[in-house]
Amino acid sequence: MKAVFVSKFGAPETLEVRSVPDPVAGHGQIRIRVKAAGLNFADCMARMGIYPGAPPAPFIPGLECAGLVDSAGPGVSPDWLGRRVVAPTWFGGYAEALLTTPEDVLPIPEGKSFEQGAALAVTYLTALHGLHYLANLQEGDWVLIHTAAGGVGTAAVQLALLRKAGVIGTASASKHAFLREMGVQHTIDYRTQDFEVEVAKLT
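Here we summarise the structure given alongside this text. (Residues numbered from 1 in each chain as written. Predicted model: local features only at pLDDT ≥ 70, side-chain atom pairs only at ≥ 80, totals over all residues. Heavy atoms only, no water.)

1. A few points about the side chain of Ser172
On the secondary structure map, Ser172 appears in the loop between strand 9 (166-171) and helix 5 (176-182). Since its relative accessible area comes to 6%, Ser172 is described here as buried. Contact partners of Ser172, with chain neighbours within four places excluded, come to Asp189, Tyr190 and Arg191. (Helix = DSSP H or I, 4+ residues; strand = E, 2+ residues; numbered from the N terminus. Buried < 20%, exposed > 50% of the residue type's maximum accessible area, 1.4 Å probe, protein only. Contact = heavy atoms within 4.5 Å.)

Now the structure itself:
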């Protein structure tokens, strides 16, 4: 298979396509034939050598991907074969195939593409963890979401609105219309306004 490697830390030019053997699914593992992979800020930081916990170079970047299960190791039901799944990964997503476990994938809903699936894991799981598991956001609460028009910010806005919480979002003024279209009740221009003062006024 082919895979993208961070050959050494630095600019995008350090990325290198290499041919490596296909991974073989071991006990309890499935192999995903990757159809799409997400690109996140964390991948860029890892490529530059400044992401905490990233492996030493050379390594295969990629923290999320989507594809088809094409192999199931011993101990895994053959029913997994052919399933369309999203796989959050700890690197390794920029390859034509990777190994994971059935417990660590999510099904891609009918009608959704591999590209849509590959863009889901990092942003939405980050937002879900922050809002629901750390902040315990409840219906009727108000939440301040910084850089609300970014990837994780957009996910957080959508999840907060699904929980029927009120949302205050910070972003540059050019993105305020987009945030209001999503349903953000109050927007703050972090470049020209003191968000602490504005939030105090609103609440």
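2. Regarding the packing of helix 3 (residues 121-134) against helix 4 (residues 151-162)
The interhelical angle for the contact between helix 3 and helix 4, taken along N-to-C directions, is 55°, at an axis separation of 8 Å. The orientation of helix 3 relative to helix 4 falls into the category oblique. In this structure, helix 3 crosses over helix 4, and the sense of that crossing is right-handed. Across the interface between the two elements, Thr123, Tyr124, Thr126, Ala127, Leu128, Leu131 and His132 from helix 3 touch Gly151, Val152, Ala155, Ala156, Gln158, Leu159 and Ala160 from helix 4. Taken together, the residues of the contact of helix 3 with helix 4 break down into 9 nonpolar, 5 polar and no charged. (Axes fitted to C-alpha atoms, helices over the stretch in contact; angles between N-to-C directions. Parallel < 35°, antiparallel > 145°, perpendicular 65-115°, else oblique. Left-handed = near helix turned anticlockwise from the far one by under 90°. Nonpolar A, V, L, I, M, F, W, Y, C, P; charged D, E, K, R; others polar.)

3. Section: the sheet that holds strand 10 (residues 186-189)
Taken in spatial order, the 3 strands make up an open sheet running 8-9-10, and their pairing is parallel. Two strands lie at the open edges of the sheet, namely strand 8 (142-145) and strand 10, each paired on one side alone. Looking at each pair of strands side by side, their axes are set apart by 15° on average, direction ignored. Pairing between strand 8 and strand 9: 4 bridges, direction parallel. Paired with Leu144 across the two strands is Ile168, which belongs to strand 9. Of the strands in this sheet, strand 8, strand 9 and strand 10 are in contact with helix 6 (residues 195-202), which crosses strand 10 at around 160°. (Pairing = 2+ DSSP bridges.)

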